[in-house]
Amino acid sequence: MSVLVDDDTRVVVQGITGGEGKFHAGQMIEYGTNVVAGAVPGKGGQEVYDVPVYDTVSGAARQEDANAAVVFVPPAFAGDALFEALDAPVDLVVAITEGIPTQDMSRVYRKLKETDTYLVGPNCPGLITPGEAKLGILPGNIFESGNVGLVSRSGTLTYQVVDNLTERGLGQSTAIGIGGDPIIGTDFIDTLKLFEADPDTHAVVMCGEIGGEDEENAAKYIRQNMDTPVAGFIAGRTAPPGKRMGHAGAIVSGSGTGTAESKINALEDAGVRVGDTPNEVADYIEQFL
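Numbers given for residues are sequential positions, taken from 1 along each chain in its written order. Local features in this predicted model are restricted to residues of pLDDT 70 or higher, and side-chain atom pairs are both shown and tallied only at a pLDDT of 80 or more, whereas totals for entire chains, interfaces and linings draw on every residue. Computation of side-chain values covers all heavy atoms of the structure but excludes hydrogens and water.

(A) Inspection of the sheet that holds strand β3 (residues 47–48) at higher detail. Spatially, β3-β4-β2-β1-β5-β6-β7 is the arrangement adopted by the seven strands of the open sheet, whose pairing is mixed. With one partner strand each, in any of the chains shown, β3 and β7 (118–120) form the two edges of the open sheet. At least two DSSP bridges between two strands are needed for those strands to be called paired. Working definition: helices are DSSP H or I runs of at least four residues, strands are E runs of at least two. Numbering for both runs from the N terminus. Pairing analysis gives four bridges linking strand β1 (residues 10–14) to strand β5 (residues 68–71), with the strands arranged parallel. Paired with Val 11 across the bridge in β5 is Ala 68. Contact between two residues is taken to exist if any of their heavy atoms lie within 4.5 Å; hydrogens are not considered. A fitted line through C-alpha atoms represents every axis, and for helices the fit uses only the stretch in contact; the resulting angles, taken between N-to-C directions, go from 0 to 180 degrees. Lying over the sheet, helix α1 (residues 19–31) contacts β1, β2 (34–39), β3, β4 (51–54) and β5, oriented at roughly 165 degrees with respect to β1.

(B) Broad picture of the sheet that holds strand β8 (residues 126–129). As summarised here, the arrangement of the seven strands in space is β9-β8-β11-β10-β12-β13-β14, forming an open sheet in which the pairing is mixed. Taken across any chain shown, the strands that pair with only one partner, and hence form the sheet edges, are β9 (133–136) and β14 (273–274). Pairing between β8 and β9: four bridges, direction antiparallel. The residue of β9 that forms the bridge with Ile 128 is Lys 134.

(C) Just helix α7 (residues 214–225), in detail. Residue count minus one, scaled by 1.5 Å, sets the expected span of a helix. If you check α7, its first and last C-alpha atoms are 16 Å apart, about what 12 residues at 1.5 Å a residue would give, namely 16 Å. Those residues of α7 that fall on the buried side of the exposure criterion are Glu 215, Glu 216, Ala 218, Ala 219, Tyr 221 and Ile 222. Burial classes: relative accessible area under 20% of the type maximum marks a residue as buried, over 50% as exposed, and values in between as partly exposed (1.4 Å probe, protein chains only).

(D) Focus on unusual backbone geometry. With an omega of 10 degrees, the peptide bond between Gly 121 and Pro 122 qualifies as cis. As for its position among the elements, Pro 122 is in the loop between β7 and β8. The backbone phi angle of Leu 4 is positive, close to 70 degrees, even though this residue is not glycine. Tracing the backbone shows Leu 4 in the segment before β1. Despite not being glycine, Asp 50 has its phi angle at roughly 65 degrees, a positive value. Its location among the elements puts Asp 50 in the loop between β3 and β4.

(E) A look at the side chain of Lys 134. Among the secondary structure elements, Lys 134 is positioned in strand β9. In summary, the charge assignment counts Lys and Arg as positive and Asp and Glu as negative, without counting His or the chain termini. Salt bridges are defined by distance alone: a side-chain nitrogen of Lys or Arg within 4 Å of a carboxyl oxygen of Asp or Glu. It turns out Lys 134 is buried and unbridged, and the closest side chain with the opposite charge, Glu 30, is 8.4 Å from it. Pairs of N or O atoms within 3.5 Å make up the polar contacts considered here, provided that, within protein, one atom can donate a hydrogen while the other can accept it, and that residues adjacent in sequence are counted only when both atoms are side-chain atoms. Within polar-contact distance, the side chain of Lys 134 engages the backbone oxygen of Leu 138 at 2.5 Å. Ignoring any residue separated from it by four or fewer positions in sequence, one finds Lys 134 in contact with Gln 27, Met 28, Tyr 31, Thr 33, Leu 127, Ile 128 and Gly 140.

Structural data, given as structure tokens:
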């Protein structure tokens, strides 16, 4: 099994006629993802890679029986694109766009709470079930089908950990990059619930970073609810307080929360094996399995 995406996922690509959207739609199709439509206002009737383009996500989803949307839309228009996707009959929306204004995402987040749709991102690499489907920009060649679930705030860190896992023959059930912005859709706890319920996910890697309290909250959930073993990694251990490092959400306020130390302590108290390097994380997963 897998979580959120599999070979039955039928995808609408928002922004498929733009440079980024067209390139990554092609990469997704090449990987084997079932991209059934594009959605770009005013471009209905065109085709990209023999994929029909519609003016709206709702029209594309209804005509092509799509159940997921991937957003490759510039930041200024991405908020409206997300509203459109959340109004459409799809179960999953993946927002790749970086730099969506926080005010726009606040509105999107309120809308999201009124739906049953999963939103992954924004500012994320997407997600992949190896050998079945990838939605986003992840390099499919480093992934291998298996029993390790992975959730990460950092795209680059995802690739480093996965590379170490795959080198050891430890394949992945599904890997999900949730994004590092202050306001995102699917968070650590949402994803951990999915992995805990998946009988084919036998171990989980959780990659966090400094800033916010998501990792501490996830640690509480792990301690109280998870039987599946979890290994973790926290990036940004050497970042000075008040300095933003990479992601918009990766900032330590100086209040003692959101630091690498507080996150590592919370995870270890919950029974999570926290590695000092991605390679050490793979060591722990190998021991679990």
